[in-house]
Amino acid sequence: MKARDAYLSVLKSFKDKEEIKIITGVRRCGKSSLLELFVEYLLASGVPETRIIRMNFESLRFSHIQNYMDLYRAVSALISGTEKHYILLDEVQMVENWARAIDSFRVDFPADIYITGSNSRLLSSDFATMLGGRCVEIKMYPLSFKEFLDFNDFESDAGMERKFESYLKYGGMPGIVQYNFAQDQINPVLEGIYSTIVLRDVVERNAVGDQRLLQKLVLFLADNIGSLVSPNSIGNAFVREKELQIGGKTKPPAGKTISSYIEALESAYIFYGVPRYDIRGKEYLKTLDKYYIVDTGIRNILLGYRDVNRGYLLENIVYFELRRRGYDVSVGKVGETEIDFIAVKPDEKIYYQVSESIRDEGTRKREIFSLQSAKDNYRKVILTMDRSFVNSYEGIEVKNLLDFLQE
């Protein structure tokens, strides 16, 4: 099992700190494997196995644990003495009112607690209030391109662009690595992951009354990554395309219903909404967001393998790379001009434009103009698949996208 060093180092840095470590992310992105790696680290550090309590609530071994009292009793029975115990709980959201048990572990025992979950409601305001802020979220994603290169074995003559094509095509779910790019095996695996996400983390955990509408919505968002949309515009698109017919008539779905379904998809970490930020007005806009899908491999099994809207696919890759690097990301708006991404940390701000190629003068001028419209001195970068000896235009940096992804 290969290590996800970036995530493992974070867990190590929080070892024995009082905060509860909450690892979140889409199902099958590697959260359970990360806990296994952390257990190996604990054992290698001299922690006795008897002081490591590990439970995965997707296993039938723990199906008898249904609520917080069951969880409290089960864990308490494994704690003895006054030495610190390490409690690692996988997919804890499957236990009813689990947060009450977690809070009690923190109060009653010398415990270092790590939990994972595949639903963002794990971090509800009620839970945060109960813990009084004593928790830290570690956001996990499928493999980055750099990790993808490390996890996979490639033919000796495979160039970097060919490797990147494989990444675009199959995505970064760690579980597909073992199939060595065999599409006839990878497809069923990705279909199974998608079905599990939708059924367990969307339909079963939310009031989804119209699964057909949900499926149409997923396909729409997957086909329109990087495009500005709203619940009403999506509903109008369904009407125009006659996607939802009842009794021979097209029925427009309620914007509130679409909004709730989008929220459910975001809660399951399959789509990520990106707000727009008005750079001049210095405020977030309340209308029209963009959405990106957590894994391009899942997108391809939904829509079919096709090389269309490639620019949006590249945007999708860059968005998640920025998230992995710890940036808050928004879409920039300056008047009628748009900047693909504003990446912000407490001490840093960078503007990014993503373009497959800027060799065409018109395209290059358009991308430069978008970045120049932000009248400030923050870094401005164009990411492109081009390779050129020119690394800046009018003070704007130009980077090869593949080099950027491997930094």
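Our structure's up above, just so we're on the same page.
All of these numbers come straight from a predicted model, not from anything done at the bench.

## Let's talk about the pattern of salt bridges
Next up, step 1: Evaluation of the coordinates by the stated rule reveals 29 salt bridges.
Next up, step 2: When salt bridges that share partners are traced, they join Arg 27, Glu 58, Arg 200, Asp 201 and Arg 205 into one network.

## Side note on the environment of Leu 401
Next up, step 1: With respect to the helices and strands, the residue Leu 401 is situated in helix H15 (residues 401–405).
Next up, step 2: For Leu 401, a relative accessible area of 1% puts it in the buried group.
Next up, step 3: Each C-alpha atom, one on Leu 401 and one on Asp 386, is 8.1 Å from the other, the two residues being 15 residues apart in sequence.
Next up, step 4: Not counting residues up to four positions away in its chain, the partners in contact with Leu 401 are Phe 164, Leu 314, Val 318, Leu 383, Thr 384 and Met 385.

## Quick notes on the side chain of Arg 364
Next up, step 1: Residue placement: Arg 364 occurs in helix H14 (residues 361–372).
Next up, step 2: No salt bridge is formed by the buried Arg 364; the nearest opposite charge belongs to Glu 361, separated by 5.1 Å.
Next up, step 3: Excluding residues within four positions of it along the chain, Arg 364 makes contact with Ile 358, Arg 359 and Tyr 393.

## Some words on the sheet that holds strand S4 (residues 111–117)
Next up, step 1: Taken in spatial order, the five strands make up an open sheet running S2-S3-S4-S1-S5, and their pairing is parallel. In this open sheet, the two strands that pair with only one neighbour each are strand S2 (52–56) and strand S5 (135–139). Between one strand axis and the next, the sheet turns by 15° as a mean value, whatever way the strands run.
Next up, step 2: Contacts from helix H4 (residues 98–108) reach strand S1 (20–24), strand S3 (85–90) and S4, with the element oriented near 160° to S4.

## Some words on the pairing of strand S14 (residues 348–355)
The side chains of a regular strand alternate, first on one face of the sheet and then on the other.
Next up, step 1: Here S14 lies mainly inside the structure; six of its eight residues are buried.
Next up, step 2: Across five bridges, the pairing between strand S13 (residues 337–345) and S14 is antiparallel. In the sheet register, Phe 341 faces S14, and the bridge partner there is Tyr 352.
Next up, step 3: The antiparallel pairing of S13 with S14 creates a hairpin that spans two residues between the two strands.
Next up, step 4: Pairing analysis gives six bridges linking S14 to strand S15 (residues 379–384), with the strands arranged parallel. Each bridged residue has a counterpart across the sheet, and for Ile 350 the counterpart in S15 is Arg 379.
Next up, step 5: What joins S14 to S15 is H14, and the crossover it makes is right-handed.

## Considerations on the nonpolar core
Next up, step 1: Core analysis: the biggest nonpolar cluster contains 91 residues, and Phe 164 and Leu 221 have the highest contact counts within it.
Next up, step 2: Among the elements that line this core, the one with the most residues is helix H8 (residues 183–203), at nine residues.
Next up, step 3: Here Leu 221 is in contact with Val 229, Ile 234, Ile 262, Leu 265, Phe 271 and Tyr 291, once residues within four sequence places are set aside.
Next up, step 4: Residues Ile 20, Ile 87, Phe 105 and Ile 113 belong to the second largest nonpolar core, which totals 25 residues.

## Considering the pairing of S13
Next up, step 1: Looking at chain direction, strand S12 (residues 328–334) and S13 are connected through six bridges and run antiparallel. In the sheet register, Val 334 faces S13, and the bridge partner there is Thr 337.

## So, the side chain of Lys 163
Next up, step 1: The residue Lys 163 is located in helix H7 (residues 160–170) in this model.
Next up, step 2: One buried charged side chain, Lys 163, makes no salt bridge at all; its nearest oppositely charged neighbour is Asp 157, positioned 9.2 Å away.
Next up, step 3: Discounting residues that sit within four places of it in the chain, Lys 163 has contacts with Phe 145, Phe 148, Leu 149, Phe 154 and Ala 158.

## Remarks on the state of the cysteines
Next up, step 1: Per the stated rule, a full pass over the model turns up zero disulfides.
Next up, step 2: No disulfide involves Cys 29; its sulfur sits 18 Å from the nearest other cysteine sulfur, which is in Cys 135.
Next up, step 3: When its relative accessible area of 23% is taken as the criterion, Cys 135 is described as partly exposed.

Cut-offs used in this document
- Residues numbered from 1 in each chain as written.
- Predicted model: local features only at pLDDT ≥ 70, side-chain atom pairs only at ≥ 80, totals over all residues.
- Heavy atoms only, no water.
- Salt bridge = Lys/Arg side-chain N within 4 Å of Asp/Glu carboxyl O.
- Helix = DSSP H or I, 4+ residues; strand = E, 2+ residues; numbered from the N terminus.
- Buried < 20%, exposed > 50% of the residue type's maximum accessible area, 1.4 Å probe, protein only.
- Contact = heavy atoms within 4.5 Å.
- Lys, Arg positive; Asp, Glu negative; His and termini not counted.
- Pairing = 2+ DSSP bridges.
- Axes fitted to C-alpha atoms, helices over the stretch in contact; angles between N-to-C directions.
- Right-handed = clockwise from strand over helix to strand, strands pointing away.
- Core = buried A, V, L, I, M, F, W, Y, C linked by side-chain atoms within 4.5 Å.
- Disulfide = S-S within 2.5 Å.

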